[in-house]
Amino acid sequence: MKDLVRDGGQDRLALLQTFLRVAEAGSFSAAALQLATTQPTVSRRVQMLESLLGARLVERSTRGLRLTEEGERCAAQAQELIDGWQTLAEELDGGEELSGTLRLRVPHAFGQSQLIEPLAAFLKRHPRVSVEWMLQDQLPDFSRENVDCSLLVGEISQPNLIATQLAEVPRVLVAAPSLAKKLPKGLDRKTPEEIAALLGAQPWLALLAFYRDGIDLRAATGDASLHIGFRPRLGTDSLFALIESARRGLGLALVSQWAVIDDLAQGRLVRLLPDWCATPLPISLVYPSRHLQPARLRAFQQVMREVIPTLPGMRELRRR
């Protein structure tokens, strides 16, 4: 206990950080490896924290380690306490270099391609910051997962979350040249009912997160609209799989414009109905609270606000 007495406040945070690593790793040995220390040291730190709190936090058995009810409550609040302390320290010392870990969830397509360059620049600018860059197209459960921020394409239905829309993602209707040649000439000049009937009879691909058995389009000028119903030959949750299937002529597809810029320019895909458009998708930063955001998270959010509207194929928000 001598170390604990010597630097009480800071050591209490260190004990909480060790306990959190044990809770996340699922064992003392795994946590010790991640912390570059020994298993007895990790075990001793957890025991010190239990002594301070007057409660057993973990139970060990032949099956491994599990958190007690008190341990679950401690883990749920420990990260908030640590982040709050770091935020206070960073705000009081404006010259302190950003540090710590950012836990982020980003869409598969963006996270593998367009966002890697700004992420690399961010990490080079802040060498003491590390990032957990997890690819996930759905919102995380912030109440259960240790996630700082999520980038989401699409509508957000949870009213308790904080969302900042950054840009819009235009979508275009595409097909392989071999499939486009089979469509009647002058398709754009036909009535909405004729267009819907002709295209509905074609093979289709579906991006299941956004459409399954039909799409809605609106004329670029005027108020005309149409609905194309279909039964997809292939449904997928991957934008990249959808585009590759479209390149191979398996069906028509409605895709994010940014993802097919090169395909359209090089003739691997053809845009259909250029005078009609689908509703663009919002792309937003989402987080559980405006409070207790460490400086590293605020810095990352600022980078995303600056970068995303300028990416090829994005559309800046219209200022009202």
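Scroll up a little and you will see the structure.
Calculation criteria
Residues numbered from 1 in each chain as written. Predicted model: local features only at pLDDT ≥ 70, side-chain atom pairs only at ≥ 80, totals over all residues. Heavy atoms only, no water. Helix = DSSP H or I, 4+ residues; strand = E, 2+ residues; numbered from the N terminus. Buried < 20%, exposed > 50% of the residue type's maximum accessible area, 1.4 Å probe, protein only. Contact = heavy atoms within 4.5 Å. Areas by Shrake-Rupley, 256 points an atom, 1.4 Å probe, with all protein chains shown as cover. Lys, Arg positive; Asp, Glu negative; His and termini not counted. Charge placed at Lys NZ, Arg CZ, Asp CG, Glu CD. Salt bridge = Lys/Arg side-chain N within 4 Å of Asp/Glu carboxyl O. Pairing = 2+ DSSP bridges. Axes fitted to C-alpha atoms, helices over the stretch in contact; angles between N-to-C directions. Parallel < 35°, antiparallel > 145°, perpendicular 65-115°, else oblique. Core = buried A, V, L, I, M, F, W, Y, C linked by side-chain atoms within 4.5 Å. Left-handed = near helix turned anticlockwise from the far one by under 90°. Nonpolar A, V, L, I, M, F, W, Y, C, P; charged D, E, K, R; others polar.

Draft legend 1. Expanded view of the overall build of the chain. When you go through the chain residue by residue, the secondary structure sums to twelve helices and 15 strands. Looking at the chain residue by residue over its 320 residues, the buried ones come to 44%. Across the chain, the fraction of contacts at a sequence separation of at least 24, relative to all contacts at a separation of at least 6, is 72%. Approximately 17,700 Å² of the chain is accessible, and the part contributed by carbon and sulfur atoms is 48%. Side chains of the chain carry 39 positive and 37 negative charges; the gap between the two charge centres is 4 Å.

Draft legend 2. Layout of the pattern of salt bridges. Applying the stated criterion across every chain yields a total of eight salt bridges. The shortest N-O distance in the salt bridge between Arg 103 and Glu 132 comes to 3.9 Å. Taken together, the positions of Arg 103 in strand 3 (residues 100-106) and Glu 132 in strand 4 (residues 129-135) put the pair 29 residues apart, joining distant regions of the chain. On the basis of relative accessibility, which here comes to 34%, the residue Glu 132 falls in the partly exposed class.

Draft legend 3. Geometry of unusual backbone geometry. A positive phi is found at Leu 273, a non-glycine position, where the angle reads about 50°. Along the chain, the position of Leu 273 falls in the loop between strand 13 (270-272) and strand 14 (276-277).

Draft legend 4. Structural context of the pairing of strand 6 (residues 162-169). Most of strand 6 sits inside the fold, with six of its eight residues counted as buried. Relative to strand 15 (residues 281-287), strand 6 runs antiparallel, the two sharing seven bridges. Among the inter-strand pairings, Ala 163 is bridged to a residue of strand 15, identified as Val 286.

Draft legend 5. How the structure looks around the packing of helix 3 (residues 28-35) against helix 4 (residues 39-53). It is the contact of helix 3 with helix 4, at a shortest axis distance of 8 Å, that shows an interaxial angle of 105°. Overall, the two elements helix 3 and helix 4 adopt an arrangement that is roughly perpendicular. The residues of helix 4 that touch helix 3, namely those facing Phe 28, Ser 29, Ala 31, Ala 32 and Leu 35, are Gln 39, Val 42, Ser 43, Arg 45 and Val 46.

Draft legend 6. Up close: the nonpolar core. Formed by 69 residues in total, the largest nonpolar core has its most connected members in Leu 199 and Ile 308. At six residues, helix 12 (residues 295-307) tops the list of elements feeding residues into this core. Apart from the residues lying within four places of it in its own chain, the contact partners of Ile 308 are Leu 115, Leu 151, Leu 166, Ala 167, Ile 283 and Met 314.

Draft legend 7. Region of interest: the packing of helix 7 (residues 116-125) against helix 12. Contact geometry for helix 7 and helix 12: axes closest at 11 Å, N-to-C directions at 140°. In the packing of helix 7 onto helix 12, the handedness of the crossing is right-handed. Of helix 12, the residues touching helix 7 (which contributes Pro 118, Phe 122 and Arg 125) are Arg 296, Ala 299, Phe 300, Val 303, Met 304 and Val 307. Of the residues assigned to the contact of helix 7 with helix 12, the class counts are seven nonpolar, no polar and two charged.

Draft legend 8. Looking closely at the sheet that holds strand 7 (residues 171-175). The strand order across the open sheet formed by three strands is 12-7-13, and the pairing between neighbours is antiparallel. Two strands bound the open sheet, and with one partner strand each, they are strand 12 (253-256) and strand 13. Here the strands of the sheet are splayed against their neighbours by 55° on average, with no regard to which way each runs. Alignment of strand 7 against strand 12, held across four bridges, turns out to be antiparallel. Within the sheet, the bridge partner assigned to Val 172 lies in strand 12 and is Val 255.

Interpretation in functional terms is not warranted from these geometric data alone.
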